[in-house]
Amino acid sequence: MGKLLEVKGLKTNFYTYRGVVKALNGVDFTIHDKEVVGLVGETGSGKSVTAKSIMRLIDAPGKIMEGEVLFNGVDLLKLREDDMRGVRGNEISMIFQDPVIALNPVLNVGIQMIEAIRTNLGYDRKKAKIEALDLLRRVGLPDVESLLTRYPHELSGGMAQRVFIAMSIAARPKLLIADEPTSSLDVTVQSQILSLLRHLMEIDSINAVLFITHDLGVAAELCDKIAVMYGGRIMEFGTKEEIFDEPLHPYTRGLMRAVPKPGFYGELFTIPGEVPDLVTPPTGCVFHPRCQHRMDVCDSEEPRTTKASESHYVTCHLMEER
Amino acid sequence: MNIGAYIVRRLALMVLVLFGVLVITFTVSHVIPADPVGAILGPQAPTHLIDKINAEWGFDKPLYEQFLMYLRNLLRGNLGKSIQTNNAVLDDIMMRWPATIELSTTALLFALMLGIPAGIISAIKRNSVLDHFVRVFSISGLSMPVFWLGLMLLFLLYFQMGVLPGVGRLDTSIEIGRRITGLYTVDALLQGNREAFINTVRHLIMPAFVLGFSATGSIARITRASTLEVMQQEYVNTAKAKGLSERLVVFRHILRNALITPVTIIGLTYGGLLEGSILTETIFAWPGLGRYATNAFMMLDFQAVMGVTLFIAVIYSVANLLVDILYAYLDPRVRI
Amino acid sequence: MTETKKGWLYRHRYQLEDIRLMVRLLNESLTAKIGIILLSCFVFMAIFGPTLSPYKPLVQDLTNRFVPPSSEHPFGTDQLGRDIFSRVLYGSRISLVMGIVVTSILFVIGTTLGLTAGYFGGRVDELLMRLTDMFLAFPSLILAMAVAAALGPGLFNTMVTIAFVAWPRYARLARACCLQVKEETYIEAAKAMGMSHGRILFTQILPMILSPLIVQATINLGGVILTAAGLGFLGLGAQPPEPEWGLMISEGRRFISNQWWVSGFPGIMILLVVLGFNLIGDSLRDVMDVRMRR
């Protein structure tokens, strides 16, 4: 299977009144065809910024500083804006966290779907409408005819997210970026959306997914590979089994311990310390202030990414020792 | 709820509000002044004359009876008689309102045509030189007394430089012909009278500019704020993520939302223009309601005062109603 | 009780931090600085002007009519030979007093009514809304003129008039702010603790909404001065020979063909003062937005 998306050394800054926020400080990971890669991290770790940087949706006061985003071999960061627009919606699609808010409130569903279809597939209005109805049925929505005239605020969270998914798969994108698509939904609706995504992958409506979430449980359900992100860098990357059964990075291990298992009645474990301030990030390894295994080198040098196995990468000084 | 039901609801509300307007004008004209008739006739007036007028206008009857008389007269179209002109107030108003409406509406058009694009560009090119210029311009407009601006421009452009005509709606040498609507611009156009049309427009420029100056400022500011807010919304990102062309993103997604707030204040703005025209008309000797009202207020010509106040309040309410309906059309979230 | 041993400064350290941040942000804003300069000059003029003015405002000098701006008379003289600069200085006091008095009245009445309506809701709220609707159906100057005509001219009446006309907008704002805060959980908690309505309104809700109200009051002050000038211009406010700025503009109207300074300078003063209030009000609002976004 070929490499679909290769992110190398991506760095993105935000220039705010408080100072320069180094949101992404060298992000690396790879997605292959037919893979679901989860990007897991706490709020503020840079997950959404990564997604938007890949799509080049970063506007002032943000700026992509350096790095490469190779999509099927083409560096997206070097494309002209017109060409990038051709990629968006067509080859790479994105769905957002709160679907009701992420839809234009003054336009009805029909208009919003049809414009996506017409822009990316070039259909005329009649054909686009038929396609829209078909897509809505495919995501499991009932009563699709009347749905076209509804407005976003009239939809429930789950329905809106399905509409969103329908819009994004219209052009059979090679990559779907899902930015916390279930975080604002109820748990039951959440699992419905996840099985919908799985179903769509089975029938080839979706090829590969970059699934962003802060919820390890959700990641475990859907993802083949997982990237653990912290403070603007990828701390660990591996298959689901590798991450869950043999976590190597202290942060990942801390996350695993923090998830309470059924039958566990003791005190809940939390990783000590606080999320780093990215205006003045810690020197060396960005995690070192909270790390139990920290060594002297950890606060002076940034760790390199080393290979633990064919698919397993860790960014930690501990690994370099071996 | 659909638009039809919304309109009906708003109409009912407007009727209620207009009733309240009547109550307020009645209170101000009949209840507040201690001795309206005496004030008009002067302290030396013989008592029998005062009594006669009191009886005629019902000032000696209990308040609720006075109010009923007031309403009854109103419905018959009788707004009383004006002291200054000795005509029926209704006639006075009918004769003068086109001038005021022409001035206010031109000022509004001016403010919209200048203010909205300024606000949008200011938002899109945030913190640029143009943005700062627009913001300074807007805030000065809001801080300036309109009558002072009028005087200064009159001094500069008419008395000193003579580029624009000074007072009145028309040069005295030009005729408008038939009065169809009372609006000189429209009437001149309808009759194909080019000379009159140009002359009218030249006379309109300064007063409309002065009047619309502060409105331009407030519209530009609100448009700017609204556009900035919309640009931050997630659905703009969604639109871009769908790969839509820049034209579609800007017009269908950003502007369609950003312009909602400015539209809703058009009603408010028009009210401000109506009251501003009162001040502006005084300076440019514009024969509209403004001068009539000012004289009426100064001379305590109460029937005229009430007539004008009522008239303007009604126009204002109708303008707001139209704007509210437009708002419901533009923003479906409101219709619940 | 041990609580009171820790100082006032310590207990309010978060609010003090907030204020410190606000001051820092204001310091960086050019508009705020200009506004503060303008306003300081205005207040200085209002307080010390009359003492420092070179001439008395009512003194006529018919030999010196219509003197254009010069070193003797920086703003020139008017048709009665009165020094305009001095009159402007005295007028600043009039405007400042009117602005403060009216705004204070508006603040007290508007906030009380708005809070009551917003907090208790139901019939009381409906009543207030309809009442303000009726008042707001008039463009404010029109209503002000009508009321001024009914009450009669004069400075005191002008203040009453403006307060009478401007309170609805203020009450509406107070009500809207109250509604926002009312639903917060700590209010419910206070009620659950058995706090009386009055105490809740005063100690919990009012401090939260104070900031937007103060910002609005600042902006309003400018508007009050403008309206008062407008009424003065129309002859419905201050009466001659008071050196009220609006009235001075009106008096100078007849001579606009040549002696522009009679109307010109009072108008410039109004512009600068109202500009000062607007600039500060704007900056305060921006600063408050930033705080909220954190």
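As shown above, the structure is provided for reference.
Here is what the cut-offs are and how they apply
Residues numbered from 1 in each chain as written. Chains lettered and ligands numbered in written order. Predicted model: local features only at pLDDT ≥ 70, side-chain atom pairs only at ≥ 80, totals over all residues. Heavy atoms only, no water. Helix = DSSP H or I, 4+ residues; strand = E, 2+ residues; numbered from the N terminus. Buried < 20%, exposed > 50% of the residue type's maximum accessible area, 1.4 Å probe, protein only. Contact = heavy atoms within 4.5 Å. Areas by Shrake-Rupley, 256 points an atom, 1.4 Å probe, with all protein chains shown as cover. 1 Å grid on protein atoms, 1.4 Å probe; cavity = no way out; pocket = protein on both sides within 12 Å on 5 of 7 lines; lining within 4 Å. Points joined across faces, edges and corners; volume = space filled by probe spheres on them. Phe/Tyr/Trp six-rings, centres within 6.5 Å; stacked < 30°, edge-to-face > 60°. Axes fitted to C-alpha atoms, helices over the stretch in contact; angles between N-to-C directions. Parallel < 35°, antiparallel > 145°, perpendicular 65-115°, else oblique. Left-handed = near helix turned anticlockwise from the far one by under 90°. Nonpolar A, V, L, I, M, F, W, Y, C, P; charged D, E, K, R; others polar. Expected span 1.5 Å × (residues − 1). Polar contact = N/O pair within 3.5 Å; in protein donor to acceptor, adjacent residues only side chain to side chain. Pairing = 2+ DSSP bridges.

On to the overall build of chain B. Along its length, chain B carries 14 helices and zero strands. Listed by position from the N terminus, the elements making up chain B come as α-α-α-α-α-α-α-α-α-α-α-α-α-α. Per-residue burial for chain B yields a buried fraction of 52% across its 336 residues. Taking the intrachain contacts of chain B between residues at least 6 apart in sequence as the baseline, contacts between residues at least 24 apart amount to 73%. As displayed, chain B offers around 15500 Å² of accessible surface, 65% of which is attributable to carbon and sulfur atoms.

Our focus in this paragraph is empty space enclosed by the protein. Inspection of every chain in the model, using the stated rule, returns three cavities of 30 Å³ or more. Taken as a whole, the largest cavity encloses approximately 90 Å³ of empty space. Among the elements of the structure, strand S6 (92–95), helix H4 (109–121) and helix H7 (157–168) of chain A together with helix H10 (234–241) of chain B are those that each provide at least two residues to the lining of the largest cavity. In terms of residues, the lining of the largest cavity owes the most to one element, H7 of chain A, which gives three residues.

So, on to the packing of aromatic side chains. With the rule as written, the count across this model stands at 23 aromatic pairs over all chains. With 5.5 Å between their ring centres and 70° between their planes, phenylalanine 110 of chain B and phenylalanine 209 of chain B make a pair best called edge-to-face. Here phenylalanine 110 of chain B is found in helix H5 (residues 89–124), whereas its partner phenylalanine 209 of chain B is found in helix H9 (residues 194–231), with 99 residues between them in sequence. Note on phenylalanine 110 of chain B: relative accessible area 25%, which makes it partly exposed. Phenylalanine 209 of chain B gets classed as partly exposed once you look at its relative accessible area, which sits at 30%. With a centroid separation of 5.3 Å and an interplanar angle of 75°, the aromatic rings of phenylalanine 135 of chain C and phenylalanine 164 of chain C are classed as edge-to-face. Of this pair, phenylalanine 135 of chain C sits in helix H5 (residues 122–136) while phenylalanine 164 of chain C is found in helix H7 (residues 155–182), placing the two residues 29 residues apart along the sequence. Residue classification places phenylalanine 135 of chain C among the buried residues on the basis of a relative accessible area of 10%.

Residue and element names in this part refer to chain C. Their axes nearest at 10 Å, the elements H7 and helix H9 (residues 197–234) cross at an angle of 155°. Considered as vectors, H7 and H9 are oriented roughly antiparallel to each other. Crossing of H7 against H9: the hand is right-handed. From H7, Thr158, Ile162, Tyr170, Leu173, Ala174, Cys177, Cys178 and Val181 reach across to H9, where they touch Ile205, Met208, Ile209, Pro212, Leu213, Gln216, Ala217, Asn220, Val224, Thr227, Ala228 and Leu231. Looking at the contact of H7 with H9, its residues break down into 16 nonpolar, four polar and no charged.

Turning next to helix H1 (residues 47–54) of chain A. Within H1 of chain A, seven of the eight residues are buried, leaving the element largely enclosed by the surrounding structure. Within H1 of chain A, the full set of buried residues consists of Lys47, Val49, Thr50, Ala51, Lys52, Ser53 and Ile54 of chain A.

The subject of this paragraph is H4 of chain A. With 13 residues, H4 of chain A should reach 18 Å at 1.5 Å per residue; the first-to-last C-alpha distance of 18 Å fits that figure. Among the residues making up H4 of chain A, those that are buried are Val109, Gly110, Gln112, Met113, Ile114, Glu115, Ala116, Ile117 and Asn120 of chain A. Residues of H4 of chain A that are buried make contact with helix H5 (125–138), helix H6 (144–147) and H7 of chain A together with helix H11 (246–258) of chain B. The opening residue of H4 of chain A, the one whose side-chain oxygen lies 3.2 Å from the backbone nitrogen of glycine 110 of chain A, is asparagine 108 of chain A.

Residue and element names in this part refer to chain A. Within the open sheet, the eight strands sit side by side as S6-S7-S8-S3-S9-S10-S12-S11. Their pairing is mixed. Sheet topology places S6 and strand S11 (305–307) at the edges, where each strand pairs with a single neighbour. The sheet shows a mean angle of 20° between the axes of neighbouring strands, taken without regard to direction. As paired elements, strand S7 (residues 175–179) and strand S8 (residues 208–213) share five bridges and run parallel to each other. From the neighbouring strand, isoleucine 177 faces S8, where its bridge partner is leucine 210. Packed on one face of the sheet, H1 meets strand S3 (36–40), S6, S7, S8 and strand S9 (225–230) and runs near 145° to S8.

Phi is mostly negative for residues that are not glycine, and the peptide bonds are mostly trans. Here the bond from proline 240 of chain C into proline 241 of chain C is cis, since omega is 5°, no more than 30 degrees from zero. Tracing the backbone shows proline 241 of chain C in the loop between H9 and helix H10 (245–251). One non-glycine residue, arginine 172 of chain A, lies in positive phi territory at about 50°. Along the chain, arginine 172 of chain A falls in the loop between H7 and S7. The backbone phi angle of glutamate 180 of chain A is positive, close to 50°, even though this residue is not glycine.

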